[in-house]
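The lines below spell out each chain.
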Amino acid sequence: MSYAVKEMFLTLQGEGVHGGRRAVFLRFAGCNLWTGRERDRADAVCRFCDTDFVGTDGDGGGKFATAAALADAAQDFWGPNRELRYIVLTGGEPMLQIDDALVDALHDRGFTIAIESNGTLPVHPGIDWVCISPKAGSDVIQQSGNELKLVWPQPGAGHSAQEVDAMERWAFDHLLVQPLDDAAAAANVQAAIAFVMERPRWRLTLQSHKYLGLR
Ligand SMILES: C[S@@+](CC[C@H](N)C(=O)[O-])C[C@H]1O[C@@H](n2cnc3c(N)ncnc32)[C@H](O)[C@@H]1O
Ligand SMILES: Nc1nc2[nH]cc(C(=O)O)c2c(=O)[nH]1
Ligand code: SF4
Ligand SMILES: [Mg+2]
């Protein structure tokens, strides 16, 4: 199968438990919860997305005919040192495109593979670090992994207290709250802090790349 990639770049993971870690980001084109077109945003399941994932025209993006070609391109972004190679597969929704061939090709090149997924599709079992970020109104079927990263608050009704209680019974090693980045970002940070104060199992995570001027 071929792969549609919006962009690829080397940066620091800005979010979550691996925040601050050197990482290649591979951003797939396309998502199942929003078309990516502004005119569809208000009617989408996920309405707060901060990312352009439409098309294959970004830096390092393109259509890759084989898993080997895509994994070679990722390796070029990392550089020749094999030590602690780390790649984050994101999007868009990466599970629309990840397959056995890509997981194997990245592992063959020494990468530890992380994913950022909305959890509406089963995550490939070969992935080494699973981060799921649930979206209110969607059906999260991937209820296990390494970190659950809840954007808070979400527009509209958001998640109910009962839904958050249910998330606490899912099988994740780490529970994280990430403030919604929109026009009310400062108030959202306060809401996320209040959330953690009410629910001590959760920790605050910030999108540090946005403060640091990184991609
Ligand atoms: C762009 S998404 C791509 C991966 C996948 N589709 C998902 O939603 O998890 C990457 C991460 O950014 C988060 N995110 C998207 N828009 C955001 C915003 N406006 N504020 C805070 N986090 C946001 C998502 O919840 C997710 O954790
Ligand atoms: N630096 C950096 N860290 C990130 N962590 C998750 C991101 C994403 O868009 O999936 C992201 C991103 O876009 N940039
Ligand atoms: S699910 Fe992820 S990529 Fe899709 S619209 Fe929402 S935040 Fe963006
Ligand atoms: Mg991002």
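Named according to an unreviewed UniProt entry, the chain is 7-carboxy-7-deazaguanine synthase originating from Sphingobium baderi LL03. UniProt, in the comment section headed Function (unreviewed entry), describes the chain in these words: "Catalyzes the complex heterocyclic radical-mediated conversion of 6-carboxy-5,6,7,8-tetrahydropterin (CPH4) to 7-carboxy-7-deazaguanine (CDG), a step common to the biosynthetic pathways of all 7-deazapurine-containing compounds." Heading Subunit (unreviewed entry) of the UniProt record for the chain holds this comment: "Homodimer."

Enquirer: Sorry, what's going on with the site of ligand 3 here?
Expert: Neighbouring ligand 3 are Cys31, Leu33, Trp34, Cys46, Cys49, Thr51, Phe53, Gly91, Gly92, Glu93, Asn118 and Lys135. Broken down by class, the residue content of the shell around ligand 3 amounts to six nonpolar, four polar and two charged.

Enquirer: In this structure, what is going on with the nonpolar core? I would like to understand it.
Expert: One recurring pattern in soluble globular proteins is that nonpolar side chains are buried together. Of all hydrophobic cores here, the largest spans 46 residues; its most connected members are Leu26, Ala74, Ile87, Leu102 and Leu106. Excluding its chain neighbours within four sequence positions, the residues that come into contact with Ala74 are Met8, Val24, Leu26, Ile87 and Leu106.

Enquirer: When you look at the UniProt feature "binding site: Mg(2+)" (unreviewed entry) in the chain in this model, what are you seeing that I'm missing?
Expert: Under the present numbering, the feature "binding site: Mg(2+)" (unreviewed entry) in UniProt falls on Thr51. Mapped onto the fold, Thr51 is located in the loop between strand 2 (22–28) and strand 3 (62–64).

Enquirer: What should I look at first to understand the sheet that holds strand 9 (residues 202–204) in this one?
Expert: Sheet architecture is open: nine strands sit in the order 3-1-2-4-5-6-7-8-9, paired in mixed fashion. The two strands at the open ends of the sheet, each matched to only one other strand, are strand 3 and strand 9. Neighbour-to-neighbour, the strand axes of the sheet open up by a mean angle of 30 degrees, direction not taken into account. Strand direction decides the pairing type here: strand 8 (residues 171–179) and strand 9, joined by three bridges, are parallel. Each bridged residue has a counterpart across the sheet, and for Val177 the counterpart in strand 9 is Leu204. Helix 4 (residues 185–198) rests against strand 7 (144–152), strand 8 and strand 9 of the sheet, and its axis sits at about 145 degrees to strand 8.

Enquirer: What is the right way to look at the site of ligand 2 in this model?
Expert: Lining the immediate surroundings of ligand 2 are Thr11, Leu12, Gln13, Gly14, Glu15, Phe25, Thr51, Thr90, Glu116, His209, Leu214 and Arg215. Taken together, the residues of the shell around ligand 2 break down into three nonpolar, six polar and three charged.

Enquirer: Explanation requested: the pairing of strand 1 (residues 3–12) in the structure shown.
Expert: Every other side chain in a regular strand lies on the same face of the sheet, so the side chains alternate between the two faces. One ladder, built from three bridges, connects strand 1 with strand 3; its direction is antiparallel. For Tyr3, the partnering residue across the bridge sits in strand 3 and is Phe64. Here strand 1 runs beside strand 2; their pairing, made up of seven bridges, is antiparallel. Residue pairing for strand 2: Glu7 is matched across the bridge by Arg27.

Enquirer: Please clarify how the packing of helix 1 (residues 67–78) against helix 2 (residues 100–108) should be interpreted in this entry.
Expert: To characterise two packed helices, one gives the angle between the axes of the helices and the distance between these axes. Axis separation between helix 1 and helix 2 bottoms out at 9 Å; the angle between their running directions is 40 degrees. Classified by the angle between their axes, helix 1 and helix 2 sit oblique to one another. Taken as a pair, helix 1 and helix 2 cross one another with a handedness that is right-handed. Together, Ala67, Ala68, Leu70, Ala71 and Ala74 of helix 1 and Ala101, Leu102, Ala105 and Leu106 of helix 2 make up the contact between the two elements. When its residues are assigned to classes, the contact of helix 1 with helix 2 shows nine nonpolar, no polar and no charged.

Conventions used here
- Residues numbered from 1 in each chain as written.
- Chains lettered and ligands numbered in written order.
- Predicted model: local features only at pLDDT ≥ 70, side-chain atom pairs only at ≥ 80, totals over all residues.
- UniProt positions renumbered as here; feature names shortened; annotations may be inferred.
- Near = placed C-beta within 6 Å.
- Nonpolar A, V, L, I, M, F, W, Y, C, P; charged D, E, K, R; others polar.
- Core = buried A, V, L, I, M, F, W, Y, C linked by C-beta atoms within 7 Å.
- Buried ≥ 20, exposed ≤ 12 C-beta atoms within 10 Å, placed from the backbone.
- Contact = placed C-beta atoms within 7 Å.
- Helix = DSSP H or I, 4+ residues; strand = E, 2+ residues; numbered from the N terminus.
- Pairing = 2+ DSSP bridges.
- Axes fitted to C-alpha atoms, helices over the stretch in contact; angles between N-to-C directions.
- Parallel < 35°, antiparallel > 145°, perpendicular 65-115°, else oblique.
- Left-handed = near helix turned anticlockwise from the far one by under 90°.

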